[in-house]
Amino acid sequence: MLTLQFFLGVVFGTIIFLHLTKKNFGVALAYALQSLAITAILLGSFFETGNISLLFIALLVFIVKVILAPLFFIKLIQKHRLLFSVSTYLNIPLTLIIIAILSFVANSHKLAPLTGIIPANHTLLSLALSSMFLSLFLIINRKGALSQIMGILSFENSIVAFTIFAGLEQSPALQLGIIFNIFIWLIIATVFMSMIYKHFGSLDITSMKHLKD
Amino acid sequence: MLEIIASPISFFILLELFLIGAAGSLVLRKNDASANVWSSFFAIAGSLWGLLFASAILISGQALSFVAGTSPFPLLSLAMHIDMLSALFIFIISLIALFCSIYGIGYVKHFYKKYNIGTLGFFYHLFIAGMVLVVTASNGIFFLIAWEIMSVASYFLVVYDRNDENNVKAGFLYLVMTHVGTAFIIAAFLLLYKYTGSFDFEVIKSAVTFIPSSIKNTIFVLSMVGFGVKAGIIPFHIWLPAAHPAAPSHISALMSGVMIKTGVFMMMRLFLDILQPAPVWWGLVVLFVGATSSLLGVLYALTEHDIKRLLAYHSIENIGIILLGLGSALTFSSLGMLPLALLSLVAALFHTVNHAIFKSLLFLSAGSVINQMHTRNMEEYGGLIKYMPHTAFFFLIGSMAISALPPFNGFFSEWLTFQSLFQGIIALDSSARWVFILAAGALAFTGGLALTCFVKAFGATFLARPRSAEVSHAKESSFPLLAAMGALAALSLLFGLFSGPVTLFLETIGKSFSIFQSAPSLLSLPRGHVLTVGSGFASVSGLAFLVLFTVAIFIVVWIIRSAINKKQKIKIGATWDCGTDLTSRMEITATGFARSIVLIFKGVLKPSIQHEIEYHDAETRYMPKSRTVILGVRDVHQAYFYRPLHKVVATLAEQTKNIQSGNINTYISYIFIALLIVLFATL
Amino acid sequence: MIILIWTIQLILTPVVSPLCIGIIKKVKARLQNRRGASIFQPYKDLWKLLHKDEVISSNASWIFYYAPFIIFAVTIVVGASIPLFAAFLNNTLTGDMLVIVYALAIGAFFLALAGMDTGGAFGGFGSSREMTLSALAEGGLIFSLLTVALISGSTNLFAISSSGVFAQDQHFLSALLALCGFFIVLLAETGRFPYDNPDTHLELTMIHEAIILEYSGKRLALMEWASANKLLIFIALGVNLFFPLGLADNGGVDAILIGMAAFMVKIFICCLIIALIESSMAKFRFFRLPDLLLVSFILNVVALSLIQ
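Predicted model, so just to flag it, every value in this text is computed and none were measured.

Bringing the overall build of chain B into the picture now. Within chain B, the regular secondary structure consists of 24 helices and 8 strands. A compact globule built from 683 residues should have a C-alpha radius of gyration of about 26 Å, and chain B, at 27 Å, falls within 12% of that. By its C-alpha atoms, chain B is 100 × 75 × 60 Å across when sized along the principal axes. A total of 683 residues make up chain B; the buried ones form 59% of that total.

Rendered as structure tokens:
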């Protein structure tokens, strides 16, 4: 239990780190760390339930999310020479305030029916829920295409954590679905980034406002 | 035998005939002639079968209720309910479709090599099948599906002649307006569903007491607007004068004679059958709408010089007259005067049948004329009676029927409508009475103005000298066209002569409504041909009138020819020309004919006149080289109703456009906020 | 005996109508200090026209050829269907007020078409004005007949004439207003002052005369006779519906004779009134006429609303 909370704390912490970091390299590493924590949670779940398929899934997640995806992103960074991530909409103090508000909302009484699905895991579930909200906020706040992708991927990780703790993940099909989803996402992301870069010369998605009429 | 014909299987055969016709036309689309033959054959076969089926149900008097099959969706059930009213409408649809199809055999030939006949046949069959389904569907969602099929098929038929850009624009306007109407109908059905828990008409009818009266009033207004758009009441009529002329002529006849009646059918079904008991003001509103539609329809028709637009406006006028009957029926039934309500309903039903007949006749003959002249502008016609005598004769009969001249059928249905309004003036008290008095006044003026309009239409088209060179190339219509027109003209006369028995038969259809089951009848038919209302309040006999008239004219002709005028000669000369040469500009034009009335009603029609002069010498301005006079009629509905509405909607849309910032981050923040709101709302 | 009565009913209208025209012309002449033609002159005119040759325009079609017969036959049918001298002839077949109005509309329809058929400038305009006035007059006509119908309880003209509309005191005002409205429409439909000048053939003043400008010979005779018939029909309607004194209510010989005598007297009085009106006022400008017809309509609406 404590270990699970620890790993979930790692996930939560990496998201906050994602909000604050300025270097893209750090972003990729943070994602790798987050996925590692997820793998650990999955392994923990395997040990608890003894479902052999979970072991395979944990291995798969490890390979794809911890190794392949960050490598892919690092390659992207080096190809486009993006060492620094572009700016955000809100400055750091305001970002932190909003992060605090969102965490508070996720832990609040109003969302109790959602986080109280398994009363024993209440704190874990609310942590996972706040991770979800923070990932969404990451997508909203940042202007670079890479950060958007990171936001979506960490959103997925948070959902996986939520479903594990809510006792919903028992089917391997779900996990396989998520992995498949990540593959598709990587393809879309590459295409998206290369198109923006080719057309606008930078990865700043606010430049897409020139497409508006 | 009767049970076999009046059975669900027979109904499926009816639909199958049209579907085979549709599919086959599409398959045969490469070959124009064979597509035409296939499509006409199956349309005629289907119409004949439809006539047989409808007659069997009407004679047997039993309603048919069945489900066509299971559907995978929970709310949609393919339930059909064919009662006497539906059977009457199937009869009308089949009758007009029969003659339009016969007409189409010859008419479609002039589309060969220009457009694809196969697709014409496909949409034609789909259109008729859609109309049949509309009047028989008994489930709200099934009804909406059939309504959509009918509207979309007719859209494709309207834009069939797509080389003319005006037709495409007209089709677009039609599509938009019919979907606006459908939106209102959907809203009405959704309200009904919310309060009765079902889309099935039978279930709604039995559960109507659960609907609170304010909701019922809302449903009335919504369905009045929704079905009114299809029926073409003022001010939702703007698509009619654009779409009906754009379609090929036999389609115009079908649309004008039958399709707009489906709106009236549903109004009858909803207001008199399902949503009873109804408050009095519903009937008064329908009366008011009918009176304005009829008067304004005929006034706008007077301003037109496009022959098909003129006929389209007359359709609006006649729908107004049908609504007068329906409105009186509603008012009387709300006040408990059931015999009078039954009388009014019979008047409305009779006018529906009659209008279908004579309006199709008029559209078909107008179509023959346009076919030969290649223009719809009446100002270029003239003198066609010498080149197309039979078409002219049929158009004359149609004009006499629509102007309510005895002994044709239009007179008898207007007579019945007048009688029901007169009974209302007698029996009702102050406020409702005034509406009836004004409605009777509107009907009286409408009759006279319609007569004026058809003198103009017939006179400008067929009489006097040709106004353009194209007239001398006109030839008489081919046999299928003449056969269809002749049959409809004969029906016009027959329905007038046998108006007595027809009216009594329609009364049995009226009695099939559950509120009229035990209503005593005010109509009687002593001596088999004298239609009597009340116990001698009013009576008329079409047969007697025709007989008297024929006898009188024969006697007159005989006396004049034989007794008095034996040696006189007739010399053919020229029209009095005051000494100058006769040109075609000396005769009156359609616009000139109606200009007096337009000026009398200028408060409503808002005519405009502009003069332009071009001088030989622009400085001294003494001798004009040319003068142009531009006469116009301002489109009041566009200016005061639709354009402001459009402006409001466009402004709202412009302001809503600001949400679209083009920025992904804002879009995702919208998602995020929506997620939070949903979570908060549901938890 | 009943056959004789019916025969008289059928032929009375065409026989007596030229006499009305003659009376009106004679009275007008006297008021203009002339001697005037004999009151039987219209008969002689008709006889003369029926024996003359005709000249017909080459532009005319069968409508021009047959319209006079159709119009004349319509007036005969209508003349036979209204109460003239006998109120007991119960004609439920064609004696309905709406049948009469719309049957006369057939006449107007073919008249207007005949005017347009020859393609002359006068005929076209005559048709246009004729139809305009006819359309607007129909409202007033139907409503005045409706008022008397509601007072008497039936729309059958014979039944209306059997019950006197001025006899019931509470409906006196309604009947009076309906009479005024009917009289205005009578002048409109028969083409008398202030709507149309039946004496001239100038295009400024003519409506009916413009339409029959192209007719000659026997067809012209029929058209003029038909217009006289229409005048008699309207006068007969006016006097018999509103003042049914002397109408025969049984088939006895003395009742019939009294009926016919009363009819002639009433016709004479009405023709006198029309002639006096024609001699004392000028024709209205065309665009003032719709206002007059609207006045007729409003009078009738008021009359209707007064009936409880």
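The next point concerns the sheet that holds strand β5 (residues 538–540) of chain B. Across a sheet, strands are paired by hydrogen bonds formed along the backbone, either parallel or antiparallel in direction. Residues and elements named next belong to chain B. Strand order across the open sheet formed by 3 strands is β3-β4-β5, with antiparallel pairing between neighbours. Either end of the sheet is taken by a strand with one partner, and the two such strands are β3 (523–524) and β5. Pairing geometry for β3 and strand β4 (residues 531–533), over 2 bridges, is antiparallel. Within the sheet, the bridge partner assigned to Leu523 lies in β4 and is Val533.

Attention now moves to the interface of chain B and chain C. Chain B puts 80 residues into the contact, and the matching count from chain C is 74 residues. For the chain B and chain C pair, buried surface summed over both sides reaches about 6800 Å², with 74% attributable to carbon and sulfur atoms. Between B:Lys569 and C:Asp53 there is a salt bridge, with the nearest N and O atoms lying 3.7 Å from each other. At the boundary of chain B with chain C, the tally comes to 23 residue pairs in polar contact (both at pLDDT 80 or more). Taken together, the elements giving at least two residues each to the side of chain B that touches chain C come down to α15 (389–402), α16 (409–427), α17 (430–462), β5, α20 (542–564), β6 (570–573) and α21 (590–600) of chain B. Here the side of chain B that touches chain C gets 17 residues from one element, more than from any other, and that element is α17(B). For the side of chain B that touches chain C, the per-class residue count stands at 53 nonpolar, 18 polar and 9 charged.

It is worth spelling out helix α19 (residues 499–511) of chain B at this point. Look at α19(B): 18 Å from first C-alpha to last across 13 residues, which is about the 18 Å you get at 1.5 Å a residue. Every buried residue of α19(B) is listed here: B:Ser499, B:Gly500, B:Val502, B:Thr503, B:Leu506, B:Glu507, B:Ile509 and B:Gly510.

This next bit is on the packing of aromatic side chains. The relative placement of two aromatic rings is captured by the distance of their centres and the angle of their planes. Considering all chains together, one arrives at 59 aromatic pairs over all chains under this definition. Taking NZ or CZ as reference, B:Lys230 lies 5.3 Å from the ring centre of B:Trp147, over its face. The ring of C:Phe286 has C:Arg129 sitting right over it, with the charged end atom 5.2 Å from the ring centre.

What follows covers a nonpolar patch on the surface. Residue and element names in this part refer to chain A. A contiguous nonpolar surface patch, about 580 Å² in accessible area, is contributed by Leu33, Leu36, Phe62, Ile63, Ile67, Leu68 and Leu71. Elements represented by at least two residues in the nonpolar patch include exactly α2 (24–49) and α3 (52–80). Looking at the nonpolar patch element by element, the count peaks at 5 residues for α3. Considering the arrangement of structural elements, one finds Leu71 in helix α3.

Time to look at the side chain of A:Thr14. One can find A:Thr14 in helix α1 (residues 2–20). Once residues lying within four places of it in the same chain are set aside, the contact partners of A:Thr14 are A:Ala30, A:Leu33 and A:Gln34.

Glancing now at the environment of A:Ala189. All names here are of chain A. Mapping Ala189 onto the fold places it in helix α8 (residues 172–200). Judged by its relative accessible area of 1%, Ala189 is buried. Remark: the alpha-carbon pair of Ala189 and Phe47, spanning 142 residues in sequence, is separated by 34 Å.

Tallying the contact residues gives 15 residues for chain B and 22 residues for chain A. Roughly 1600 Å² of surface becomes buried between chain B and chain A when both sides are summed, with 74% attributable to carbon and sulfur atoms. Looking only at chain B, the three residues that lose the most surface to chain A are B:Asn665, B:Phe672 and B:Leu683, adding up to 37% of its buried area. Across the contact surface, chain B and chain A share 0 salt bridges.

This brings us to the layout of surface pockets. Residue and element names in this part refer to chain B. The computed volume of the second largest pocket comes to approximately 740 Å³. Around the second largest pocket, the lining is made up of 30 residues, and of these Thr303, His305, Leu631, Gly632 and Val633 lie nearest the centre. Sorting the residues of the lining of the second largest pocket by element identifies α10 (240–246), α12 (280–303), α13 (307–334), α21, β8 (624–633) and α23 (636–656) as the ones contributing at least two each. Per-element tally for the lining of the second largest pocket: the top contributor is β8, with 6 residues. Split into classes, the residues belonging to the lining of the second largest pocket amount to 14 nonpolar, 8 polar and 8 charged. Residue assignment places the lining of the second largest pocket across two domains, with domain 1 (280–561) and domain 2 (595–634) each supplying three or more.

We now examine the confidence of the model for chain C. Residues and elements named next belong to chain C. Across chain C, the average pLDDT comes to 88, with 98% of residues at or above 70. Mean pLDDT per element in chain C: helix α6 (residues 157–162) is the minimum at 85, and helix α4 (residues 97–117) is the maximum at 93. Two numbers describe this predicted complex: its pTM, 0.84, and its ipTM, 0.94.

This part is about unusual backbone geometry. Residues and elements named next belong to chain B. Here the bond from Ile234 into Pro235 is cis, since omega is 5 degrees, no more than 30 degrees from zero. Along the chain, the position of Pro235 falls in the loop between α9 (213–231) and α10. The linkage connecting Gln276 with the following residue, Pro277, adopts the cis geometry, with an omega of -5 degrees. Along the polypeptide, Pro277 turns up in the loop between α11 (249–274) and α12. The backbone of Lys113 sits at a positive phi, close to 70 degrees, despite the residue not being glycine. Mapping Lys113 onto the fold places it in the loop between α4 (84–107) and α5 (117–136). Not every positive phi belongs to a glycine, and Ala404 is a case in point at roughly 60 degrees. Looking at the element boundaries, Ala404 is found in the loop between α15 and α16.

Opposite charge on two side chains lets them pair, provided their charged atoms get close. What the rule picks out here adds up to 15 salt bridges over all chains. When the shortest N-O distance is used, the salt bridge between C:Glu54 and C:Arg219 registers 3.2 Å. Note that C:Glu54 is positioned in strand β1 (residues 54–57) and C:Arg219 in helix α9 (residues 217–242), a separation of 165 residues in sequence. Like C:Glu54, the residue C:Arg219 is buried in the burial classification. A salt bridge links C:Glu278 to C:Arg192; the nearest nitrogen and oxygen atoms lie 3.0 Å apart. With C:Glu278 in helix α10 (residues 253–280) and C:Arg192 in the loop between α7 (172–189) and α8 (208–211), this residue pair connects regions lying 86 residues apart in the sequence. Here the salt bridges do not stand alone but share partners, grouping B:Asp83, B:Lys205, B:Arg269 and B:Asp273 into one network.

Counting 359 residues, the largest nonpolar core has B:Phe11, B:Phe143, B:Trp239, B:Leu254, B:Phe458 and C:Ile142 as the members making the most contacts within it. If you tally residues by element for this core, the top one is helix α14 (residues 338–373) of chain B, at 22 residues. Once residues lying within four places of it in the same chain are set aside, the contact partners of B:Leu254 are B:Ile96, B:Ala97, B:Cys100, B:Tyr124, B:Phe127, B:Ile128, B:Met131 and B:Met259.

A few words now on the side chain of B:Lys230. Residues and elements named next belong to chain B. Secondary-structure assignment places Lys230 in helix α9. For the buried Lys230, which has no salt bridge, the nearest side chain bearing the opposite charge is Glu148, at an N-O separation of 7.8 Å. For Lys230, the side chain forms a polar contact with the side chain of Thr178, separated by 3.2 Å. Every residue in contact with Lys230, bar those within four places of it in the chain, is listed here: Trp147, Met150, Ser151, Tyr174, Thr178, Trp239, Met259, Ile260, Thr262 and Gly263.

Turning our attention to the packing of α14(B) against α19(B). Residue and element names in this part refer to chain B. Close contact between α14 and α19 brings their axes to 9 Å; oriented N to C, the two are set at 115 degrees. Note on packing geometry: the crossing formed by α14 with α19 is right-handed. Here Leu342, Leu345, Val346, Leu349 and Phe350 of α14 lie close against α19, whose contacting residues are Ser499, Val502, Thr503, Leu506, Glu507, Ile509, Gly510 and Lys511. Its residues placed into classes, the contact of α14 with α19 shows 8 nonpolar, 3 polar and 2 charged.

Each assigned domain of chain B is listed with its residue range as follows: domain 1 (280–561), domain 2 (595–634) and domain 3 (645–682). For domain 1 of chain B versus domain 3 of chain B, the separation of C-alpha centres amounts to 53 Å.

As a further point, take helix α24 (residues 664–682) of chain B. Residues and elements named next belong to chain B. With 19 residues, α24 ought to run about 27 Å at 1.5 Å a step, and its terminal C-alpha atoms sit 27 Å apart, in line with that. All of the buried residues along α24 are Asn665, Ile668, Ser669, Phe672, Leu676 and Leu679. End-on, the buried residues of α24 take up no more than an arc of 105 degrees, which puts them together on one face. Across from the buried face of α24, at angles greater than 90 degrees, the exposed residues are Ile671, Ile677, Ala681 and Thr682.

Rules used in this analysis
Residues numbered from 1 in each chain as written. Chains lettered and ligands numbered in written order. Predicted model: local features only at pLDDT ≥ 70, side-chain atom pairs only at ≥ 80, totals over all residues. Heavy atoms only, no water. Helix = DSSP H or I, 4+ residues; strand = E, 2+ residues; numbered from the N terminus. Rg over C-alpha atoms; globule rule 2.2 N^0.38 Å. Buried < 20%, exposed > 50% of the residue type's maximum accessible area, 1.4 Å probe, protein only. Pairing = 2+ DSSP bridges. Contact = heavy atoms within 4.5 Å. Buried area = accessible area lost by both parts, 1.4 Å probe. Salt bridge = Lys/Arg side-chain N within 4 Å of Asp/Glu carboxyl O. Polar contact = N/O pair within 3.5 Å; in protein donor to acceptor, adjacent residues only side chain to side chain. Nonpolar A, V, L, I, M, F, W, Y, C, P; charged D, E, K, R; others polar. Expected span 1.5 Å × (residues − 1). Phe/Tyr/Trp six-rings, centres within 6.5 Å; stacked < 30°, edge-to-face > 60°. Lys NZ or Arg CZ within 6 Å of the ring centre and 35° of its normal. Patch = residues over 30% accessible without salt bridge, like charges linked within 9 Å, V, L, I, M, F, W, Y side chains within 5 Å. Areas by Shrake-Rupley, 256 points an atom, 1.4 Å probe, with all protein chains shown as cover. 1 Å grid on protein atoms, 1.4 Å probe; cavity = no way out; pocket = protein on both sides within 12 Å on 5 of 7 lines; lining within 4 Å. Points joined across faces, edges and corners; volume = space filled by probe spheres on them. Domains from an automatic or database assignment. pLDDT = per-residue confidence, 0-100. Core = buried A, V, L, I, M, F, W, Y, C linked by side-chain atoms within 4.5 Å. Lys, Arg positive; Asp, Glu negative; His and termini not counted. Axes fitted to C-alpha atoms, helices over the stretch in contact; angles between N-to-C directions. Left-handed = near helix turned anticlockwise from the far one by under 90°. Arc of directions from axis to C-beta.

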